[in-house]
Amino acid sequence: MVMMAINAFLPLYVQGAMARSPAAAGLVLGAASVSWTFASVAAGRLMIRTSYRLAATVGGIALIAGTLVLMSLGPTSSLLRAGLGSLLIGIGMGFCNTSFLVSTRRERAGMSAAWRHRRSCSCASSAIRSGGGVRRDPQLWHSPPHPDAGDAVNRLLEPAARHDLGAAEIARLSEAVAGSLHVVYVVAGLVAVVGLILALALPARLSPTRPHRQK
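Attention in this report is confined to the structure presented alongside it. This structure is a prediction, so every number in the text was calculated from the model and none was measured. (Residues numbered from 1 in each chain as written. Predicted model: local features only at pLDDT ≥ 70, side-chain atom pairs only at ≥ 80, totals over all residues. Heavy atoms only, no water.)

1. Regarding the overall build of the protein
(1) Moving on: Within the protein, the secondary structure is distributed over 9 helices and 0 strands.
(2) Moving on: When its helices and strands are written in sequence order, the protein yields α-α-α-α-α-α-α-α-α.
(3) Moving on: Considering only contacts in the protein between residues 6 or more positions apart, those separated by 24 or more positions represent 77%.
(4) Moving on: Carbon and sulfur atoms form 64% of the exposed surface of the protein, whose accessible area is close to 11500 Å². (Helix = DSSP H or I, 4+ residues; strand = E, 2+ residues; numbered from the N terminus. Contact = heavy atoms within 4.5 Å. Areas by Shrake-Rupley, 256 points an atom, 1.4 Å probe, with all protein chains shown as cover.)

Structure follows, in structure tokens:
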């Protein structure tokens, strides 16, 4: 769910609320992909030397920090701030995803667990990730709803059509997009807090080199 906050909605914010180009939106989004890759490698090394919990906790803190940065975005914010939020969430996903995935597959019922248990855990993990990816596009809030809101936002996102809207309409739509997506980032922040709590619930000394052994 936190990743969807940037994959699905950050480009919309950059283009719609901040009036930046699609290339700028792609650059901001790419920060998460790059940082995720390097963070996954770092998480693997950290897990081996310490524990699953420490690696997952680092990721949880990064996710919270990233969502806080995204919550602070406004129509006049810089691309650097948006990129920082994306970068931090990528780091958080790299650490959390690697930690939870490896610990789930290795530690379910101990290292001697039957393969059917490991398959069940893997399927459950995939189902949770799929559920977190289900989304609905944020709606512009009008009272009553404006019937042409969707078309207006599409024009807002097109650089060529944006200028035809007029300064007042651009400002109104930009604020509406920013307000709608701010709620998305608040929800993502709450989910990140839950992720950190789950990370802290992992056994302190459990790691790939110190697996749980059932008696």
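Next comes the rest of the account.
2. Some points on the nonpolar core
(1) Moving on: Ranked by size, the top nonpolar core spans 31 residues in total, and within it L10, Y13, I89 and Y185 carry the most contacts.
(2) Moving on: Where this core is concerned, the elements lending two or more residues are α1 (2-7), α2 (10-17), α3 (22-49), α4 (52-71), α5 (79-107) and α9 (167-200).
(3) Moving on: The biggest single contributor to this core is α9, with 9 residues.
(4) Moving on: Those residues in contact with Y13 that lie beyond four places of it in its chain are M18, L73, G74, P75, A178, L181 and Y185.
(5) Moving on: Membership of the second largest hydrophobic core comes to 10 residues, among which are A43, M47, F95 and L206. (Core = buried A, V, L, I, M, F, W, Y, C linked by side-chain atoms within 4.5 Å. Buried < 20%, exposed > 50% of the residue type's maximum accessible area, 1.4 Å probe, protein only.)

3. Regarding the packing of aromatic side chains
When we look at a pair of aromatic rings, we describe it by the centre distance and by the angle of the planes.
(1) Moving on: Within this structure, the stated rule accounts for 1 aromatic pair.
(2) Moving on: On the basis of an interplanar angle of 50 degrees and a centroid distance of 6.2 Å, the ring pair of Y13 and Y185 is categorised as tilted. Of this pair, Y13 sits in helix α2 while Y185 is found in helix α9, placing the two residues 172 residues apart along the sequence. Both residues of the pair, Y13 and Y185, count as buried. (Phe/Tyr/Trp six-rings, centres within 6.5 Å; stacked < 30°, edge-to-face > 60°.)

4. Re the environment of A17
(1) Moving on: Its location among the elements puts A17 in helix α2.
(2) Moving on: Taking the relative accessible area as the measure of exposure, A17 reaches 4% and is therefore buried.
(3) Moving on: Along the primary structure A17 and A176 are separated by 159 residues, whereas in three dimensions their C-alpha atoms are 8.1 Å apart.
(4) Moving on: Residues in contact with A17, not counting those within four places in the same chain, are L12, P75, S174, V177 and A178.

5. Section: the packing of α2 against α9
(1) Moving on: The N-to-C vectors of α2 and α9 enclose an angle of 160 degrees; their axes lie 9 Å apart at closest approach. As summarised for this structure, α2 and α9 are arranged roughly antiparallel, according to the angle between their axes. Our pair here, α2 against α9, has a crossing hand that is left-handed. Side by side, α2 and α9 meet where L10, L12, Y13, G16 and A17 of the first sit next to S174, V177, A178, L181 and Y185 of the second.
(2) Moving on: Of the residues that constitute the contact of α2 with α9, the class distribution is 8 nonpolar, 2 polar and no charged. (Axes fitted to C-alpha atoms, helices over the stretch in contact; angles between N-to-C directions. Parallel < 35°, antiparallel > 145°, perpendicular 65-115°, else oblique. Left-handed = near helix turned anticlockwise from the far one by under 90°. Nonpolar A, V, L, I, M, F, W, Y, C, P; charged D, E, K, R; others polar.)

6. Some words on the packing of α3 against α4
(1) Moving on: Put simply, α3 and α4 touch, their axes get as near as 7 Å, and they point 145 degrees apart. Packed against α3, whose contacting residues are A43, L46 and M47, the element α4 presents Y52, L54, A55 and V58 at the interface.
(2) Moving on: Per-class residue counts for the contact of α3 with α4 are 7 nonpolar, no polar and no charged.

7. As for the environment of L54
(1) Moving on: Position of L54 among the secondary structure elements: in helix α4.
(2) Moving on: The spacing of L54 and A199 is 145 residues in sequence and 8.0 Å in space, taken between C-alpha atoms.

8. Examining unusual backbone geometry
(1) Moving on: At A19, a position not held by glycine, the phi torsion is positive, near 60 degrees.
(2) Moving on: One can find A19 in the loop between α2 and α3.
(3) Moving on: Among the residues examined, A19 registers a relative accessible area of 43% and is labelled partly exposed.

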